[in-house]
Amino acid sequence: MIKLPVLYTPRLILREICLVDAEDMFYYAQHPLVGPNAGWAPHTSIQETRRVIQLFLEAKKRGEPGVFAIIDRQTGRMIGTIELFNLVFGFKAELGYALSPDYWGRGIIPEAAESVLEYGFHVLQLKRIEASAFLTNYQSQRVCEKLGFIREGVARNGYLRYDGKIFDKVIFGLTDTEYEQLTVNR
């Protein structure tokens, strides 16, 4: 099993999610725009949030790296999650994230993702990290662009959401070579 490191950025601490985070996570996971934009239903109870966190923890037993809780250094509150999932060691993974609407538009996800990308490429030795967003989720697409991901195309009818609706999704990719070039140019 992979032990997630604790990562620090100027405004954030990224650490493995745990059941203690349930209240903070429920606060934003019940919001009607958070989950549906990421493909999951808004949470309806704190018990549901605890079950989701437990599923995150159990996924580690199947070889997933785990989910980082995004902690606001100023308040100590958990304000979102970020993860590399569908990991194929030494090859590739997908980047996923969710954030409390209270923090939207502040550059939180790009800040957190920069640390997670470094971890993915340098520690996990990945050759490629992918990300996707619904065609209508312009904010998430913008995050990918800010991070240097290349828009590779649109998977038409590429996502079946929890409510049975089918969405087109934009596929982004970033290779280890592209990542190294980006870090040299920053």
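Structural data are supplied above this passage.
Report on the accompanying structure.

Procedures and definitions
Residues numbered from 1 in each chain as written. Predicted model: local features only at pLDDT ≥ 70, side-chain atom pairs only at ≥ 80, totals over all residues. Heavy atoms only, no water. Pairing = 2+ DSSP bridges. Helix = DSSP H or I, 4+ residues; strand = E, 2+ residues; numbered from the N terminus. Phe/Tyr/Trp six-rings, centres within 6.5 Å; stacked < 30°, edge-to-face > 60°. Buried < 20%, exposed > 50% of the residue type's maximum accessible area, 1.4 Å probe, protein only.

### Some points on the sheet that holds strand E5 (residues 92–99)
Here is step 1: Spatial strand order, E1-E2-E3-E4-E5-E6-E8-E7: eight strands in an open sheet with mixed pairing. Of all strands in the sheet, those with a lone pairing partner are strand E1 (7–8) and strand E7 (150–160), marking the two edges.
Here is step 2: Of the strand pairs in this sheet, strand E3 (residues 67–72) and strand E4 (residues 78–88) are connected by five bridges, and their pairing is antiparallel. By the bridge assignment, Ile-70 is partnered in E4 with Gly-80.

### Comments concerning the packing of aromatic side chains
Here is step 1: The full count for this structure, using the stated rule, is four aromatic pairs.
Here is step 2: Aromatic side chains Phe-134 and Phe-167 sit 4.5 Å apart centroid to centroid with 20 degrees between the ring planes, which places their arrangement in the stacked category. Taken together, the residues span a long stretch of sequence, with Phe-134 in strand E6 (residues 128–134) and Phe-167 in strand E8 (residues 166–175) at a distance of 33 residues. Just as Phe-134 is buried, Phe-167 falls in that class too.

### With respect to unusual backbone geometry
Here is step 1: The phi dihedral of Asn-86 falls on the positive side, at around 50 degrees, and the residue is not glycine.
Here is step 2: As for its placement among the helices and strands, Asn-86 is situated in strand E4.
Here is step 3: Its identity as a non-glycine residue notwithstanding, Asn-157 has a phi of 50 degrees, on the positive side.
Here is step 4: Within the secondary structure layout, Asn-157 lies in strand E7.

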